[in-house]
Amino acid sequence: MVIEGVELRPAPPTDAEVLALTTAQQAELAAMYGADQPLVALHPDIAFTLLTLDGAPVGCVGLQPVGPGLGEIKRMYVAPSARGWGLSRILLEAVEATARTSGMTRLRLETGTKQVEAIALYTNHGYHPTPPYPPFEHEIASLCYAKDL
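Residues numbered from 1 in each chain as written. Predicted model: local features only at pLDDT ≥ 70, side-chain atom pairs only at ≥ 80, totals over all residues. Heavy atoms only, no water.

**Some words on unusual backbone geometry**
- Cis geometry marks the peptide bond from proline 134 to proline 135, where omega comes out at 5°.
- Mapped onto the secondary structure, proline 135 falls in the loop between strand E6 (128-130) and strand E7 (142-148).
- Unusually for a residue other than glycine, aspartate 54 sits at a positive phi of about 50°.
- Checked against the element boundaries, aspartate 54 lands in the loop between strand E2 (47-53) and strand E3 (56-67).
- Of note in the backbone geometry, arginine 75 takes a positive phi value of approximately 55° without being a glycine.
- As for its placement among the helices and strands, arginine 75 is situated in strand E4 (residues 70-78).
- Residue classification places arginine 75 among the buried residues on the basis of a relative accessible area of 15%. (Helix = DSSP H or I, 4+ residues; strand = E, 2+ residues; numbered from the N terminus. Buried < 20%, exposed > 50% of the residue type's maximum accessible area, 1.4 Å probe, protein only.)

Take a look at the structure:
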């Protein structure tokens, strides 16, 4: 899928634009699920992809190594003003391509029961429900998915 004005670029987790987007994502999740949700620290080797639209940062996704061949999608987010255009699909395809290039053969992720658009995105792209993994195994609002690449 090609959307005019979209650019993807790698970014470290310390990038100011990535930090602004992930902070907005965490605030949105806190408003949706409450402030008592577990705050999961990011692995120091996480790699982000930043998505800009006409030069403005509007989305990001992180790829966190977990173990041999296994990666985890973290902090996938599209700003509310840029939703509905298919940008999340572009981010998902980008993180999958990065995972393959990095030698990963399986991706996993966690989302929440109230994030119906995210659930639809993942299931429509071949992600299957899996048992919750730590630290989500006791979170009733958590749903975990995985996909073999």
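**Some details on the sheet that holds E3**
- Read across the open sheet, the seven strands follow the order E1-E2-E3-E4-E5-E7-E6; overall the sheet is mixed. Looking along the sheet, the strands with just one partner apiece sit at the ends: strand E1 (6-11) and E6. Averaged over all neighbouring strand pairs, the angle between strand axes comes to 30°, with direction disregarded.
- Of the strand pairs in this sheet, E1 and E2 are connected by six bridges, and their pairing is antiparallel. If you follow glutamate 7 over to E2, its bridge partner there is threonine 52.
- In the packing of helix H1 (residues 16-33) onto the sheet, contacts are made with E1, E2, E3, E4 and strand E5 (106-112), and the angle to E4 comes to roughly 85°. (Pairing = 2+ DSSP bridges. Axes fitted to C-alpha atoms, helices over the stretch in contact; angles between N-to-C directions. Contact = heavy atoms within 4.5 Å.)

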